[in-house]
Amino acid sequence: MPARLVRRPLALVATGALLLTGLALPAGAAEAVPDPEVVGPIPATTAPGDPAHGYPFLATDYDLTGHGYVEEEFFLEGEATRYQADGVTDATVLSTGHDYRTRIVVRRPVDPDAFNGTVIAEWYNVSNQWDQEVDWFQTHEHLVREGYAWVGVSAQRAGVHSATGLRTWSPERYGALDLTDGGAVTDDTLSWDVFSQAVQAVRDPAGTAPLGPLDAERVVATGHSQSAGRLWSYVNSVDPLADVVDAVVLHGGGGVVRDDLETPVFKINSETDVAIDLLGAAQRQPDTDVLRTWEVAGASHGDWKLITDYGRLRIRDVGSAPGGYPGTPQTCEQPSGSRVPQHMVQGTVYDHVSAWVADGTAPPSAEPIELTDDPRTVVRDELGLGLGGIRLAQQDVPTRINSGLNAGPGFCFLDGGSTPVDDATLAAWYPDPQEYADDVVASTRAAVESGYLPAEVAADPAWYTDVVELVGDRVAAGTVDAAVGEQVQDRVRQALDAADAGDWGAAEALVAQAQDLAETQVDDAGASASIVRATLAVRGVIGLTAAHDDLAVSTQAQARCLAGRAYVAVRATNDESVPVDITLATPFGTRTVTDVEPGASAYQSFAVRATSVETGDAQVSASGDGRSFAADVAYDAIACG
């Protein structure tokens, strides 16, 4: 990927006469993106859920404080330019000098040392006529775990001015917001520049800094569905002029990208998106040095994670649940929401894009989902599971039939489906629970090693919430006693908390307890086997992550002779990027070296006090950065007499 050494300030070369005559300015006639005035942070005057709505709309219910994060809202105001952006050529200026006032929501680390330097700037989706932060809902656990800052931008009129928009939702808090220049602008042609100015305020603030003490090194624009469509036009037409974002992620949509762009673009699409060619998702292009496209088999446009995570806040702030939300009438032909966890892949996309921008490390490519032509359909196996694409264990070793397609009213066609498989069928498919678990781990390991899933894959909540849901279904069916089911679910929820903290040993032990309860306290053989199968798989994934999480230390042990006497020389080299403490132990002595710098070694030649030594092992252990390493290092026998 070409290095982006400098940004491209653009001089104003057009005259006011062109605007007065109603003619669009040529592409080169835009000026550098101005810094808007930033007001805030805007204090909350009521708690979330209070009917007075004195808090940010869809204020997160995720424990930001417990993870060292803060949520703040700011108002931005200034003058914006109207652009005509067709997504094919550089944008043209329609008119300038339009007053606006909008808002951004910032979720960021409190401690600058916890910030990884990358800001994810999300263009709010307004398909429902209010602001919706799909990409935050999908990936917030990963973003927080990895130290990202997230900024949501209200760029479009519907989110502010509709009958369900911000101004109506809380007139006291949002009544002064305006994306129409006092009613003079009746379309979304201001949205492009409003988004650019919001990014400019984040990365190079002229006054109040929305990120507080943090300095943005990279800004990645992201948007889902309707927002992906807007960002597709933005990156093709507006970004060549504005040049304020470092990369763009198009999630669930986005057509053909220009082949002369300098800004990296990463498309991540579900099975739904390519099957129905949503917003051009099936208009495939080869990967290039600035373009990647990933497609996830079995995943749906609006999936189970989005429905459940977003649903709680929608009920709180809007008063209604999304279709398919648990406990509400199910109106689609199949149970709504694929359980294929595409959000895990999406989190990895942000990691790859961040590295792509930071040092030019190109993301891996991926096979597309298999499609037939005329008519375009997803190629499926005998179970009805889509083939090709990025393969996750939930698709490769299924316990539900997940699909990107569904039918019924409303958004059923976007939400995909997930049909459960009964215990008797699962027992026939997977008579040996350990073999099933091994297959889940093998599929997950392959995805991690291919770069499609993060190394700390076991930290994702879906592994644990899927087991909780599985147990709940059996309790509801009467095959698991309610009290026993609650004990199993409690252990798994505790395991999720431990995994979130990176305590893999505790997480594994708690899931093992849940497995033991299923084996000893669940009388129904089919239900017991299904829970045991699931818990064994989670334990295997935890083990996979724990192995990836070990410190990287190279070791060597060798028996030597010196002046007729035997010695055992042990060396351990720190292959990490942080200092570690290393202990070298043999039957002949122990040495601990603290703060071994990256690339440096701990070394000791231990005197055997004899003329020979038998074959044996030295023990090397290391700790640092909250991680550890332990290994037995063999040495051969030697006789020196």
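The rules behind these values
- Residues numbered from 1 in each chain as written.
- Predicted model: local features only at pLDDT ≥ 70, side-chain atom pairs only at ≥ 80, totals over all residues.
- Heavy atoms only, no water.
- Patch = residues over 30% accessible without salt bridge, like charges linked within 9 Å, V, L, I, M, F, W, Y side chains within 5 Å.
- Areas by Shrake-Rupley, 256 points an atom, 1.4 Å probe, with all protein chains shown as cover.
- Salt bridge = Lys/Arg side-chain N within 4 Å of Asp/Glu carboxyl O.
- Lys, Arg positive; Asp, Glu negative; His and termini not counted.
- Charge placed at Lys NZ, Arg CZ, Asp CG, Glu CD.
- Helix = DSSP H or I, 4+ residues; strand = E, 2+ residues; numbered from the N terminus.
- Buried < 20%, exposed > 50% of the residue type's maximum accessible area, 1.4 Å probe, protein only.
- Phe/Tyr/Trp six-rings, centres within 6.5 Å; stacked < 30°, edge-to-face > 60°.
- Lys NZ or Arg CZ within 6 Å of the ring centre and 35° of its normal.
- Expected span 1.5 Å × (residues − 1).
- Pairing = 2+ DSSP bridges.
- Right-handed = clockwise from strand over helix to strand, strands pointing away.
- 1 Å grid on protein atoms, 1.4 Å probe; cavity = no way out; pocket = protein on both sides within 12 Å on 5 of 7 lines; lining within 4 Å.
- Points joined across faces, edges and corners; volume = space filled by probe spheres on them.
- Disulfide = S-S within 2.5 Å.
- Polar contact = N/O pair within 3.5 Å; in protein donor to acceptor, adjacent residues only side chain to side chain.
- Axes fitted to C-alpha atoms, helices over the stretch in contact; angles between N-to-C directions.
- Parallel < 35°, antiparallel > 145°, perpendicular 65-115°, else oblique.
- Left-handed = near helix turned anticlockwise from the far one by under 90°.
- Contact = heavy atoms within 4.5 Å.
- Nonpolar A, V, L, I, M, F, W, Y, C, P; charged D, E, K, R; others polar.
- pLDDT = per-residue confidence, 0-100.

A word on a negative patch on the surface
Here is step 1: Taken together, the side chains of Asp432, Glu435, Asp438 and Asp439 present a region of like negative charge at the surface.
Here is step 2: Turning to its location among the elements, glutamate 435 is positioned in helix α14 (residues 433-449).
Here is step 3: Assessed through its relative accessible area of 52%, glutamate 435 is described here as exposed.

Some remarks on the packing of aromatic side chains
Here is step 1: Under the counting rule described, the total for this entry stands at 15 aromatic pairs.
Here is step 2: Both rings, one in phenylalanine 75 and one in tyrosine 174, keep their centres 6.3 Å apart while their planes meet at 55 degrees; by these two values the pair is tilted. Residue phenylalanine 75 is found in strand β2 (residues 69-84), and its partner tyrosine 174 is found in helix α5 (residues 171-174); the two are separated by 99 residues along the sequence. Per residue, the accessibility class of phenylalanine 75 equals that of tyrosine 174, and both read buried.
Here is step 3: What links up through ring pairs into an aromatic cluster is the set Tyr55, Phe57, Phe75, Trp169 and Tyr174.
Here is step 4: Above the ring of tryptophan 136, the side-chain terminus of arginine 107 is found at 4.7 Å from the ring centroid.
Here is step 5: If you follow arginine 339 out to its NZ or CZ, it ends over the ring of tryptophan 304, 3.6 Å from the centre.

Quick word on helix α6 (residues 191-203)
Here is step 1: Helix length check: α6 (13 residues) gives 18 Å between terminal C-alpha atoms against 18 Å at 1.5 Å per residue, within 8%.
Here is step 2: Burial of α6 is extensive: 13 of the 13 residues sit out of reach of the surface.

A word on the pairing of strand β7 (residues 247-251)
Here is step 1: Within β7, five of the five residues are buried, leaving the element largely enclosed by the surrounding structure.
Here is step 2: Residues Ala247, Val249 and His251 of β7 are buried on one face, and the alternating residues Val248 and Leu250, pointing to the opposite face, are buried as well.
Here is step 3: The pairing of strand β6 (residues 218-224) with β7 spans five bridges and is classified as parallel. If you follow valine 220 over to β7, its bridge partner there is alanine 247.
Here is step 4: A crossover links β6 with its parallel partner β7, the connecting element being helix α7 (residues 226-242), and its sense is right-handed.

Notes on the layout of surface pockets
Here is step 1: In this structure, the largest pocket spans a volume of roughly 710 Å³.
Here is step 2: What lines the largest pocket is a set of 28 residues, among which Glu141, Lys305, Asp309, Pro461 and Thr465 lie closest to the centre.
Here is step 3: Secondary structure elements with two or more residues in the lining of the largest pocket: α2 (134-146), α9 (304-317), α15 (462-477) and α16 (482-500).
Here is step 4: Per-element accounting of the lining of the largest pocket gives the leading share, five residues, to α9.

Focus on the pattern of salt bridges
Here is step 1: In this structure the tally under the stated criterion is 27 salt bridges.
Here is step 2: Across the salt bridge formed by aspartate 246 and arginine 203, the nearest N and O atoms sit 3.0 Å from each other. Separated by 43 residues along the polypeptide, aspartate 246 in the loop between α7 and β7 and arginine 203 in helix α6 bring together distant segments of the chain. Assigned by exposure class, aspartate 246 and arginine 203 land together as buried.

So, the state of the cysteines
Here is step 1: In this structure the tally under the stated criterion is two disulfides.
Here is step 2: The residue that forms a disulfide with cysteine 332 is cysteine 412, at a sulfur-sulfur distance of 1.9 Å. Sign of the S-S torsion, about -90 degrees for the bond between cysteine 332 and cysteine 412, identifies this disulfide as left-handed. Of this pair, cysteine 332 sits in the loop between α9 and α10 (342-359) while cysteine 412 is found in helix α12 (residues 412-415), placing the two residues 80 residues apart along the sequence. By the burial criterion, cysteine 332 is buried, and cysteine 412 matches it.
Here is step 3: With its sulfur 1.9 Å from that of its partner, cysteine 561 forms a disulfide with cysteine 640. The S-S bond linking cysteine 561 to cysteine 640 shows a torsion near -85 degrees; that makes this disulfide left-handed. Separated by 79 residues along the polypeptide, cysteine 561 in strand β14 (residues 553-562) and cysteine 640 in the segment after β22 (638-639) bring together distant segments of the chain.
Here is step 4: Look at the chain and number its bonded cysteines as they come in the sequence; the links are 1-2, 3-4.

Some words on helix α18 (residues 525-548)
Here is step 1: Under the 1.5 Å per step criterion, the end-to-end length of α18 is 35 Å for 24 residues, consistent within 8% with the ideal 34 Å.
Here is step 2: At the N-terminal boundary of α18, the capping side chain belongs to aspartate 524, with an oxygen 3.1 Å from the backbone nitrogen of glycine 526.

Section: the sheet that holds β2
Pairing between sheet strands relies on hydrogen bonds along the backbone, with the strands arranged either parallel or antiparallel.
Here is step 1: Reading across the sheet, the nine strands line up as β1-β2-β3-β5-β4-β6-β7-β8-β9 and stay open at both edges, with mixed pairing between neighbours. Edge strands, defined here as strands with exactly one partner in the open sheet, are β1 (37-39) and β9 (291-296). Averaged over all neighbouring strand pairs, the angle between strand axes comes to 20 degrees, with direction disregarded.
Here is step 2: Two strands pair when backbone bridges link them, and β2 and strand β3 (residues 92-109) are joined in this way by 15 bridges, in the antiparallel orientation.

Thoughts on the packing of α6 against α7
Here is step 1: Where α6 contacts α7, the axes come no closer than 10 Å and their chain directions differ by 70 degrees. Between α6 and α7, the crossing angle belongs to the class labelled roughly perpendicular. Along this stretch, α6 crosses α7, giving a crossing that reads as right-handed. Between α6 and α7, the residues in contact are Ser191, Trp192, Phe195 and Ser196 and Arg230, Leu231, Ser233, Tyr234, Val238 and Ala242, respectively.
Here is step 2: For the contact of α6 with α7, the residue count by class is six nonpolar, three polar and one charged.

Brief notes about the sheet that holds strand β15 (residues 565-574)
Here is step 1: In space, the three strands of this open sheet follow the order β14-β15-β18, with antiparallel pairing throughout. If you trace the sheet from one side to the other, it starts and ends with β14 and β18 (601-607), each paired once. On average, adjacent strands in this sheet sit at an angle of 15 degrees to one another, irrespective of strand direction.
Here is step 2: Strand direction decides the pairing type here: β15 and β18, joined by seven bridges, are antiparallel.

Thoughts on the confidence of the model for the chain
Here is step 1: Residue-level pLDDT values for the chain average 92, and 95% of them are 70 or greater.
Here is step 2: Taken together, the stretch residues 1-30 has pLDDT below 50 and engages in 61 contacts with residues farther than four places along the chain or on a different chain.

A word on the packing of α14 against α18
Here is step 1: Interhelical geometry of α14 versus α18 gives an angle of 35 degrees and a closest axis separation of 8 Å. Handedness of the crossing formed by α14 with α18: right-handed. In this structure, α14 uses Pro433, Gln434, Tyr436, Ala437, Val440, Val441, Thr444, Arg445 and Val448 to contact α18, whose residues at the interface are Val532, Arg533, Leu536, Ala537, Gly540, Val541, Leu544 and His548.
Here is step 2: Class assignment for the residues of the contact of α14 with α18 results in 11 nonpolar, four polar and two charged.

Notes on unusual backbone geometry
Here is step 1: A cis amide bond links glycine 40 to the next residue, proline 41, at an omega of 5 degrees.
Here is step 2: Mapped onto the elements of the fold, proline 41 is located in the loop between β1 and β2.
Here is step 3: In this structure, the amide linkage connecting aspartate 374 to the following residue, proline 375, adopts the cis form with an omega of 5 degrees.
Here is step 4: Positive phi is not limited to glycine here, since aspartate 243 has a value of about 55 degrees.
Here is step 5: Looking at where aspartate 243 falls in the secondary structure, it is placed in the loop between α7 and β7.

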